[in-house]
Amino acid sequence: MADVIMPQMGESIFEGTITKWLKKPGDKIERDEPLFEISTDKVDAEIPSPSAGVLKEIKVNEGQTVPIQTVVAVIDADGASAGTSTAASAPAPAPAKAEAPAQASAPPKSEAPPKPAPSPAASALRAAAPSPAAASSSAPPQRPGGEKIRSSPLVRRIARENNVDLSQIPGTGAGGRISKHDIRAAIEGGSASRTSSGAATAPARATSAPPPAAGGAAASAVLETAVPREKMYFGHYEVQPMSVMRQRIAEHMVLSKRVSPHVYSVDEVNVSGIAALRSKMKDKFEQSSGTKLTFMPFFVRAAVEGLRAFPTVNSSVDGTNIVLHKECNIGIAVALDWGLIVPVIKNAEEKNFLGIARALNDLAERARTKKLKPEEVAESTFSITNPGVFGGLFGLPVINQPNVAILGLGTIEKRPVVVDDAIAIRSMVYLTLSYDHRVVDGAVAHQFMGKVKHTLENWTESIL
Amino acid sequence: MAAITMLEGIRQAIFEEMDRDPAVVALGEDIGVYGGAFKVTEGLLARFGPERVIDAPISETAIVGAACGMGYLGLRPIVEMQFIDFIACCFNQVTNFVAKSHYRWGAPVPMVLRGPSGGGVHGGPFHSANPEMYFMHTPGLKIIYPSTAYDAKGLLKSAVRDNNPVLFFEHKYLYRRIKEEIPAEEYTVPIGKAVVRREGKDLTILSYAAMVHTSLEAAETLAKEGIDAEVIDLRTLLPLDRDAILASVKKTNKLLVVHEDTRTGGIAGEIAALVCEGAFEDLDGPIARVTALDTPTPYSPPLEERFLPNAEKVAAAARDLAKY
């Protein structure tokens, strides 16, 4: 086998376009017989075959532009001996063209597009670690795989104005070119991945210039504006495009509020016992298990107890059906510098305390390092969010669809409370439940919360 | 009102303008007694007399030189070239004297220089010229090249009333092939304004003279394939209607220029530059052109067919551009 590469046709030439293949796969070819025609910035040329054989595979189609050294075809030298009657005269497989370096290095890969973030709930597990990689730098205009993006001045202008990453848009024009229709369809369909680094493509606007021509052009219907767009642009301002994750969150929040009639209830829980247990066991737990002991696994365990007792809270609504989930898959909202994500602890009902603690820390860590797999952010049946970590006394979260309820944790602090007609100091926390009144009534919600509260205040489970 | 040919429209314009203004005179080879090679001036001599309808000797230089002098002295001559090809004979008079006169001496020459032009009638290399680009590059001239009877009449009347020299090219293929009803009452068509002949959204076909009809025919074929072409008739080449060209390109984002003139140095190049200057970021494809080949017009009918653009060639180029 011999690779055929895109040759370098002169200094400062770094790519070439294949204009025509002179052979089809399966055709026999002699060494130095013209194999394909190319066009570069400087020359148009016929490229001779580097070796004799049978053209086995064409890797780069007519009209495509590739960097020099890219393998454009493969020639099977054995095919020549097999197919030629004068086998003895078949030349040995020759390496690629003499004047060009032999092997092709893989073309540079542009960064993979950010995965569409699943829609998270309201708040966070804890403050996210600073992530320098928050905004993926936009690669040079190439498709993953190094193929040059073909567009037009108009398409590039539309991309610039709408902050669209052209590498994410499939081109249907001649030679895979992105046409006006392609980019308009992508923007209208919302499938265009906007460049996540707004600063790179959208110059920050600190001016009183007129509104951008197509402010929310790519926004889906649920992101409609509540006031006319012109009323948003006054004085000095800066326009930042939403990241894909931000758009998904926004869409999801609007939908959740639109679909689910939210009701909220607040409970106060005495977590003095748990706080004492945690202080006492903290070091030992970490030494023994290798994972940190936080408050979160206590709340997850308590929530699972509540869900098992009141399965309606662990359900989804499909029209007039209630889908009662047998698993307790607990979504945990994790705040990120660049947004919010909700990884899911699957089958939490089967895990002991340590298993939950490990799963929590693992998911949170991988959420912050962008290493979650798509299936790890799907199929939650109930979610927990922790605005308390940012100091919130309590929060009223938005339900994470398709759940019907979400538990919000307030900040844990010592407060004076009345115990047996005396004022005592206890570690207290406010728990809130936002629930979908289509299927969860106040009675069930409060019974559920009662179960959670009881589990937390009368903790008996061994944590190690 | 009966439909009239483009030739009749031109004839009416000359008659009406000579009727309207005694300063308007006509001169050219065989325009009087014979009525003109194409009979555009038939009846003119009988109506206006030999002082105003002058059969000239066979010297284009002399004719244009004389007309230039008439212009200086207050007349408004309409000069006919028997075939527009012969305008090359008076190139010096037109470019060095007539075109520069206003700039040089403050003495505008209100002259119309008109004549049958264009191919498609097997006229061969000396009787098929599209000479517009020799003069596009000459400041001081205006160039009109109409495609309909209505426009030919209205624009010729505007040309006669213009105080500066106007070249008025009459595509001989269109002389008797197109007919249309025109208003009974007097009208003129402004110089320098293009017109949209067919609205479309997918690409713009920019053309003039006979190629407007070719482009419209191609547009009908394209429409059946789902390609919605806009067809624009420039009508005036100098000055070009920049606003109309850019507006259409900004609407359709793709431009195909079709001209019967040869390719290299043809008006498509000038229009391409103008569009790049004014609408580069509105282009969704390369500016394409369909033109005659870079040879003299062949006499042989099959060769001439090959040489000239036709609706098939225009449709093929438009398809490629639409796909781009």
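Rules of the game
Throughout, a residue's number is its position along its own chain's written sequence, starting from 1. Each chain gets a letter, beginning with A, and each ligand a number, beginning with 1, in the order they are written. Totals for whole chains, interfaces and linings use all residues, but because this is a predicted model, local features are given only for residues with pLDDT of at least 70 and pairs of side-chain atoms are given and counted only at 80 or more. Per-residue confidence from the predictor is given as pLDDT, running between 0 and 100. Contact between two residues is assigned when their C-beta atoms, built from the backbone, lie within 7 Å. Orientation is described by axes fitted as lines to C-alpha atoms, over the contacting stretch for helices, and by angles from 0 to 180 degrees between their N-to-C directions. In DSSP terms, a helix is any run of H or I states spanning at least four residues, a strand is any run of E spanning at least two, and both are numbered starting from the N terminus. Every angle not falling under 35 degrees, over 145, or within 65 to 115 is termed oblique; those three ranges are roughly parallel, roughly antiparallel and roughly perpendicular. The hand of a helix crossing depends on one turn: near helix anticlockwise from the far one by less than a right angle means left-handed, and clockwise means right-handed. In this classification, Asp, Glu, Lys and Arg are treated as charged, Ala, Val, Leu, Ile, Met, Phe, Trp, Tyr, Cys and Pro as nonpolar, and every other residue, Gly included, as polar. Exposure classes come from backbone-placed C-beta atoms, where a residue is buried if 20 or more other C-beta atoms lie within 10 Å of its own, exposed if 12 or fewer do, and partly exposed in between. Any two strands with at least two DSSP bridges between them are considered paired. Relevant arc is that of directions from the helix axis to the C-beta atoms, nothing else. To count as a nonpolar core, a set of buried Ala, Val, Leu, Ile, Met, Phe, Trp, Tyr and Cys residues must be joined through C-beta atoms within 7 Å.

## What to know about the confidence of the model for chain A
Low-pLDDT stretches of the model should not have their predicted coordinates read in fine detail.
Residues and elements named next belong to chain A.
Thought 1: The pLDDT averaged across chain A works out to 79; a share of 75% of its residues lies at or above 70.
Thought 2: Segment residues 81-140: pLDDT under 50, and 150 contacts once partners within four positions in sequence are set aside and those in other chains are kept.
Thought 3: The low-confidence segment residues 191-209, where pLDDT is below 50, has 52 contacts with residues more than four positions distant or belonging to other chains.

## Digging into the packing of helix 9 (residues 242-252) of chain B against helix 10 (residues 267-279) of chain B
All names here are of chain B.
Thought 1: Between helix 9 and helix 10, whose axes approach to 10 Å, the crossing angle comes to 65°. As the angle between them shows, helix 9 and helix 10 are arranged roughly perpendicular. In terms of crossing hand, the pair formed by helix 9 and helix 10 is right-handed. Here Arg242, Ile245, Leu246, Val249 and Lys250 of helix 9 come into contact with helix 10, specifically with Ile271, Leu274, Val275, Gly278 and Ala279.
Thought 2: Looking at the contact of helix 9 with helix 10 residue by residue, the classes come out as seven nonpolar, one polar and two charged.

## Considerations on the pairing of strand 2 (residues 24-28) of chain B
Residue and element names in this part refer to chain B.
Thought 1: Of all five residues in strand 2, four are buried; the element is thus mostly enclosed.
Thought 2: Taken together, the five bridges between strand 2 and strand 4 (residues 76-80) define a ladder with parallel strand orientation. Of the residues in strand 4, the one forming a bridge with Val24 is Arg76.
Thought 3: Two elements, strand 2 and strand 3 (residues 53-55), share three bridges in a ladder whose sense is parallel. In the sheet register, Gly28 faces strand 3, and the bridge partner there is Asp55.

## What about the interface of chain A and chain B?
Thought 1: In this complex, chain A contributes ten residues to the contact, which on the side of chain B involves nine residues.
Thought 2: Considering every element that reaches the side of chain A that touches chain B, the biggest residue donor is helix 2 (residues 153-162) of chain A, with four residues.
Thought 3: Across the side of chain A that touches chain B, the residue classes break down as four nonpolar, three polar and three charged.

## Topic: helix 9 of chain B
Residue and element names in this part refer to chain B.
Thought 1: Burial in helix 9 covers these residues: Ile245, Ser248, Val249 and Thr252. Down the axis, helix 9 shows its buried residues gathered within 100° of arc, on one side only.
Thought 2: On the buried face of helix 9, the contacting elements are strand 10 (203-207), strand 11 (229-233), strand 13 (255-262) and helix 10.
Thought 3: Within two residues after helix 9, Asn253 carries a phi angle of roughly 70°, on the positive side.

## Considerations on the nonpolar core
Thought 1: Counting residues in each nonpolar core, the largest one holds 110 residues, and the members touching the most others are Ile205, Leu256 and Ala318 of chain B.
Thought 2: Broken down by element, this core gets its largest block of residues, seven residues, from helix 12 (residues 311-323) of chain B.
Thought 3: Apart from residues lying up to four places away in sequence, Ile205 of chain B is in contact with Ser215, Ala219, Ala229, Glu230, Val231, Leu256, Val258, Val314 and Ala318 of chain B.
Thought 4: In this structure, Ala333, Ile356, Leu409 and Phe448 of chain A belong to the second largest nonpolar core, which totals 61 residues.

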